[in-house]
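What follows is the residue order along each chain.
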Amino acid sequence: MAGLLAGLGALGLKNLENMDLFEEKKDEKLAKDAGKKTVIQETDYLFDKVYECPVCYGQIKARTIKVGKARLLHTDMDLRPVYENIEPIKYDVISCPHCGYSALTRYFGGLTSSQAKAIKENISRAFNPVIAKKDTYTYEEAVARYKLCLANAIVKHAKASEKAYICLKAGWLIRGMGESLEKEGKTSPKELAEIKAQEKEFLKNALEGFVAARQAESYPMCGMDETTVDYLIAVLSMEFEKYEVASKMISSILVSPSATNRMKDKARDVKEVLLTKIKEKKAN
Ligand SMILES: [Zn+2]
């Protein structure tokens, strides 16, 4: 896990204040100057939601996506949702600026007293409070929040599924970062390859976690039913050339009486890609 958390030390969050990778404000101005009538800003999709931290009882104002405002463009094969004008995944980690407690929105409240104690001892004690309040997060800031979230999950001995879900979303977020940089032409092939490697490292851990969770946990898992988790394991296994696992999962979805037609259609699409990949591998 050490590689995944690299950079957390720098998360004294002071450093992040100077990272302005995307210069969003400037881009928005450029777009305006280019003669667009209305520029939808990321802030238009966001509002502050107030939470009480279950570890230090401080107040957290979390930037939150307005429900129903963002328009879904498509989902990637591994179910990553892609929205117009906004990357909601950036805003799914709630992080306490006072003590460092961080969790995905779905898991924010459910903390036992021993978990809170573990976070106090292992996270809060060394955590530098975050003073600057941000209207939006850059991708880099969002990735740092996911790393802190994952560190919290490890410290509190979260279930495998929760850790897998954090890794999955972090992987998706990093893919979005790569796509965004590519679109803006602000990157080099070398940098893109590094970003891809980071994405794959998170997704590899997501796969491991979901495979472990599938053996030990019940459904729904991270809000997903059994078919969806199996589908995800199939696609991620294919990504990492574990073709046997992928084939097994896809076959079980295709014969499952509880799988929806939509899921079966998606599984058929994966099967096609999978067969091509297996053929290619045999040819080499
Ligand atoms: Zn706190």
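Residues numbered from 1 in each chain as written. Predicted model: local features only at pLDDT ≥ 70, side-chain atom pairs only at ≥ 80, totals over all residues. Heavy atoms only, no water.

**Remarks on the overall build of the protein chain**
The number of helices and strands found in the protein chain is 8 helices and 6 strands. Ordered by position in the sequence, the α and β elements of the protein chain form the string α-β-β-β-β-β-β-α-α-α-α-α-α-α. Sequence separation of 24 or more characterises 66% of the internal contacts of the protein chain that already satisfy a separation of 6 or more. Accessible surface, the protein chain: about 15200 Å² in total, of which carbon and sulfur atoms supply 52%. (Helix = DSSP H or I, 4+ residues; strand = E, 2+ residues; numbered from the N terminus. Contact = heavy atoms within 4.5 Å. Areas by Shrake-Rupley, 256 points an atom, 1.4 Å probe, with all protein chains shown as cover.)

**Quick look at the packing of aromatic side chains**
All told, the structure shown has 3 aromatic pairs when counted by the stated rule. Their ring planes at 25° and their centres at 4.9 Å tell us that Tyr-91 and Tyr-137 sit as a pair that is stacked. Placement of the pair is Tyr-91 in the loop between strand S4 (81-83) and strand S5 (93-95) and Tyr-137 in the loop between helix H2 (113-122) and helix H3 (139-155), with a sequence separation of 46 residues. Of the two residues, Tyr-91 and Tyr-137, neither departs from the other in class, the shared state being buried. (Phe/Tyr/Trp six-rings, centres within 6.5 Å; stacked < 30°, edge-to-face > 60°. Buried < 20%, exposed > 50% of the residue type's maximum accessible area, 1.4 Å probe, protein only.)

**Description of the coordination of the zinc ion**
At 2.3 Å from the zinc ion lie its protein donor atoms, namely Cys-53 (SG), Cys-56 (SG), Cys-96 (SG) and Cys-99 (SG). Taken together, the 4 donor atoms coordinating the zinc ion span angles of 105 to 115° at the metal, a pattern that classifies the geometry as tetrahedral. Each donor residue of the zinc ion lies on the same chain, and together they follow the pattern C-x2-C-x39-C-x2-C. Cys-99 carries the same exposure label as Cys-96, and that label is buried. (Donors = N, O, S within 2.8 Å, 3.2 Å for Na, K, Ca; no water. Tetrahedral: all angles 85-135°; square planar, octahedral: opposite > 155°, others 65-115°.)

**So, the nonpolar core**
Residues Tyr-101, Leu-168 and Phe-210 are the most contacted members of the largest nonpolar core, which totals 85 residues. Mapping this core onto the domain boundaries places at least three of its residues in each of domain 1 (9-34 + 41-223) and domain 2 (225-284). Residue contacts for Tyr-101: discarding those within four places in its chain leaves Cys-53, Pro-54, Val-55, Ile-94, Ser-95, Cys-96, Tyr-107, Phe-108, Leu-111, Ile-119 and Asn-152. (Core = buried A, V, L, I, M, F, W, Y, C linked by side-chain atoms within 4.5 Å. Domains from an automatic or database assignment.)

**Concerning the environment of Ala-151**
Along the chain, Ala-151 falls in helix H3. When the C-alpha positions of Ala-151 and Ile-119 are compared, they lie 9.4 Å apart, and in sequence the two are 32 residues distant. Filtering out sequence-adjacent residues up to four positions away, Ala-151 remains in contact with Leu-5, Leu-8 and Ile-123.

**With respect to the pattern of salt bridges**
Once their charged atoms are close, side chains differing in charge can pair, the charge on each being opposite to the other. In this structure the tally under the stated criterion is 19 salt bridges. Linking Arg-175 and Asp-78 is a salt bridge whose minimum nitrogen-to-oxygen distance equals 2.5 Å. In this pair, Arg-175 is assigned in helix H4 (residues 160-184) and Asp-78 in the loop between strand S3 (72-75) and S4, connecting sequence segments 97 residues apart. Here Asp-78 falls in the buried class, since its relative accessible area comes to 5%. Asp-265 is the partner of Arg-268 in a salt bridge, and the nearest nitrogen-oxygen pair spans 2.9 Å. With a gap of 3 residues between them, Arg-268 and Asp-265 both fall in helix H8 (residues 261-283), about one helical turn apart. Judged by its relative accessible area of 42%, Asp-265 is partly exposed. One network of salt bridges, with partners in common, ties together Asp-76, Asp-78, Arg-80, Arg-175, Glu-179, Lys-196 and Glu-199. (Salt bridge = Lys/Arg side-chain N within 4 Å of Asp/Glu carboxyl O.)

**Observations concerning the environment of Leu-232**
Its place among the elements puts Leu-232 in helix H6 (residues 226-239). The spatial distance from the C-alpha of Leu-232 to the C-alpha of Ile-250 is 9.8 Å, given a sequence separation of 18 residues. With residues up to four places along the chain from it excluded, the contact list for Leu-232 reads Asp-78, Leu-79, Leu-168, Phe-210 and Met-224.

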